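# A look at the structure
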Amino acid sequence: MAEENNHGINLDADREVCVEVRNVWKIFGHRPERVLENPELRNAGKDDILEQTGLVVGLRDVSFDVHRGEFFVLMGLSGSGKSTLIRCIIRLAEPSAGQVIINGEDIVSYDDVKLGELRRNTMGMVFQHFGLLPHRSVLDNVAYGLKVRGVAIDERYERARYYIDKVGLKGWEHHLPAALSGGMQQRVGIARALTGDPEILLLDEPFSGLDPLIRRQMQDELLELQAELQKTLLFVTHDLHEALKVGGRIAIMRDGEIIQVGSPEEVITSPSNAYVRQFVQDASPTKVLTARTVMEQPPVLIYSWQGPKASLQILRDANVDSAFVVTRQARLLGMITVEGLVRLIRKQGRNLKDALDPEFISCSADTVVEDLIPLVAATRYPVAVVDEEDRFLGEIYVSTIISSMIREEEQIEQVETQGAPAEEESPVTDQSASADTYQGEGESP
Ligand SMILES: Nc1ncnc2c1ncn2[C@@H]1O[C@H](COP(=O)(O)OP(=O)(O)O)[C@@H](O)[C@H]1O
Ligand SMILES: [Mg+2]
């Protein structure tokens with residue numbers, strides 16, 4: 001969806017697709033075509049299929065695109081098919097039907113040779129349980145993939161050291177994995193995946209086994225690495241807060257299907273159905289809603305070429321005591337107040353720039369409400385919201401934030417009082433059980 005600001009400027013650059021998943025099915029068990037070729041069974045529920053055929057539906061008709069350089073998150077409860085999907089993308093599991101197109105080529109038709117090249121050159125994988133070689137040093141673990149490829153020892157150690165440094169493990173090169181904490185072991189896992197310089201990094205619940213504090217730190221570090229290295233990331237998690245924090249877009253999975261794909265904000269503010277709504281209910285809106293969602297359009301905007309008297313008239317007509325000043329290209333210059341204008345006019349000043357008020361505060365459209373609150377509290381004037389190019393998008397008052405919080409509450413109440421449609425049963429039976437309860441059960445049976 002192209003995003004436009006209120007001046008009709010398209011803020012979304014065209015993005016290149018890197019991974020396309022097209023109608024992928026994965027059915028575990030003997031002769032999956034019994035389901036795939038049977039129109040009735042294809043549409044039957046997972047339990048019915050299991051009962052009638054003994055086959056387990058791992059993925060059902062999954063389609064989505066990942067853009068180059070994107071941080072894409074697959075989220076869902078344990079058993080929803082996240083690992084199966086990510087394994088199909090690198091063909092550690094064979095799709096029963098459908099296509100996985102990487103850089104324009106359907107890799108489902110690849111033979112072993114091409115598959116080997118793909119895994120060595122294009123993809124890297126990080127697992128929940130690290131998968132390190134216990135009797136090899138950190139350095140050898142990280143360099144292992146290069147060794148298998150026949151890279152000379154000096155070069156592979158040099159590259160391994162480079163990434164060991166990047167993940168903050170300098171000085172640990174000659175220790176065995178057992179000497180390292182969980183977080184450090186996963187840093188080894190990440191360095192190992194990066195050493196092959198893959199375009200695409202697949203991470204299957206990489207932080208799920210770690211303590212919350214370490215986990216948050218690892219999330220921050222991964223975001224930093226991503227900003228620097230610009231890889232395409234497919235990141236699996238069962239944890240909503242983790243998904244909201246790291247994800248550029250999030251795909252929510254349930255029973256082998258993707259039921260919604262969207263930005264963290266879209267998932268929170270317009271869940272596609274009651275299942276997603278229930279999933280996101282406990283996410284704190286102040287941590288998720290951003291200035292872009294809560295901002296409002298001001299009653300008036302002043303253009304930089306307008307004179308002080310005309311501007312004063314505009315403010316008085318609109319019955320406001322301040323307004324933002326923008327250029328023809330909608331760039332924000334600052335704020336003027338009635339007081340400031342009156343002073344300028346008395347001094348016979350002509351240039352609005354001489355009346356710009358120092359109390360002016362602006363914030364980026366991505367600022368979360370939690371961080372907005374101190375800003376709006378610091379001024380009696382509205383806070384301006386701008387994009388990366390400093391173009392004016394909207395304004396925020398304390399009251400704007402409060403009313404957006406109330407809207408949020410009302411939406412939740414509506415869903416609760418209307419109840420979920422019959423086929424959309426609750427994702428968790430015990431409301432007190434957060435997604436975290438599923439930690440540690442994340443692996444395939
Ligand atoms: N090798 C397998 N054989 C049979 N069923 C499997 C196998 N691997 C996964 N499944 C089933 O596929 C579904 C999805 O599993 P999985 O992808 O591991 O989910 P997640 O990673 O979201 O926890 C589950 O119902 C699981 O039992
Ligand atoms: Mg899994």
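Scroll up for the structure.
Residues numbered from 1 in each chain as written. Chains lettered and ligands numbered in written order. Predicted model: local features only at pLDDT ≥ 70, side-chain atom pairs only at ≥ 80, totals over all residues.

### Regarding the nonpolar core
Worth spelling out the cut-off: A set of buried Ala, Val, Leu, Ile, Met, Phe, Trp, Tyr and Cys residues, joined through C-beta atoms within 7 Å, is what we mean by a nonpolar core. Burial is judged by counting other C-beta atoms within 10 Å of a residue's own C-beta: 20 or more means buried, 12 or fewer means exposed, and anything between counts as partly exposed, with every C-beta placed from the backbone. How far each domain reaches was decided by an automatic or database domain assignment. We call two residues in contact if the C-beta atoms placed from their backbones are at most 7 Å apart.
Judged by nonpolar contacts, the single largest core of 108 residues is most densely connected at Ile 89, Leu 202 and Leu 234. The residues that make up this core include at least three from each of domain 1 (17-282) and domain 2 (292-401). Beyond its immediate chain neighbours, meaning those up to four positions away, Leu 202 contacts Ile 86, Ile 89, Ile 90, Met 123, Met 125 and Leu 234.

### Section: unusual backbone geometry
Inclusion rule: Helix and strand definitions here come from DSSP, where helices need a minimum of 4 consecutive H or I residues and strands a minimum of 2 consecutive E residues; each element is numbered from the N-terminal end.
We note that Asn 103 has phi near 50°; this positive angle belongs to a residue other than glycine. With respect to the secondary-structure elements, Asn 103 resides in the loop between strand 4 (97-102) and strand 5 (105-106). With phi around 70°, Asp 390 is a residue other than glycine that occupies positive phi space. Of note, Asp 390 is situated in the loop between strand 15 (383-386) and strand 16 (392-396).

### Quick notes on helix 17 (residues 369-377)
Worth spelling out the cut-off: When we speak of the arc, we mean the arc of directions from the helix axis to the C-beta atoms.
Among the residues making up helix 17, those that are buried are Val 369, Leu 372 and Val 376. All buried residues of helix 17 fall inside an arc of 50° around its axis, so they share one side. In this structure, helix 17 carries Pro 374 and Ala 377 as exposed residues pointing more than 90 degrees from its buried face.

### Describing the sheet that holds strand 11 (residues 301-303)
Operational definition: Here the rule is simple: two strands pair whenever DSSP picks up at least two bridges between them. The axes are straight lines fitted to the C-alpha atoms, using for helices just the contacting stretch, and the angles between their N-to-C directions are given from 0 to 180°.
Read from one edge to the other, the open sheet built from 3 strands follows the order 11-12-13, with strand pairing classed as mixed. Because the sheet does not close on itself, it has two edges, and the strands there are strand 11 and strand 13 (332-337). Across this sheet, the average inter-strand angle for adjacent strands is 35°, counted without regard to direction. Across 3 bridges, strand 11 lies against strand 12 (residues 322-326) in parallel orientation. For Tyr 303, the partnering residue across the bridge sits in strand 12 and is Val 326.

### Some details on the packing of helix 7 (residues 153-166) against helix 8 (residues 182-195)
Note the threshold: For classification purposes, angles smaller than 35 degrees are called roughly parallel, those larger than 145 roughly antiparallel, those between 65 and 115 roughly perpendicular, and all remaining angles oblique. Crossing handedness: left-handed means the near helix sits turned counterclockwise from the far one by under a right angle, and right-handed means the same turn made clockwise. Residues are grouped as follows: Ala, Val, Leu, Ile, Met, Phe, Trp, Tyr, Cys and Pro are nonpolar; Asp, Glu, Lys and Arg are charged; all remaining types, including Gly, are polar.
At their nearest, the axes of helix 7 and helix 8 sit 9 Å apart, and the two run at 135° to each other. Taken as axis vectors, helix 7 and helix 8 run oblique relative to one another. Along this stretch, helix 7 crosses helix 8, giving a crossing that reads as right-handed. Across the interface between the two elements, Arg 159, Ala 160, Tyr 163, Ile 164 and Lys 166 of helix 7 pack against Ala 191, Leu 194 and Thr 195 of helix 8. Grouping the constituent residues of the contact of helix 7 with helix 8 by class yields 5 nonpolar, 1 polar and 2 charged.

### Observations concerning the sheet that holds strand 1 (residues 17-28)
The antiparallel open sheet is built from 4 strands, whose spatial order is 2-1-4-5. At either end of the open sheet lies a strand with only one pairing partner, and these are strand 2 (56-67) and strand 5. In this sheet, strand 5 lies alongside strand 4 in antiparallel orientation, the contact comprising 2 bridges. Note on strand 5: the bridge partner recorded for Ile 102 is Glu 105.

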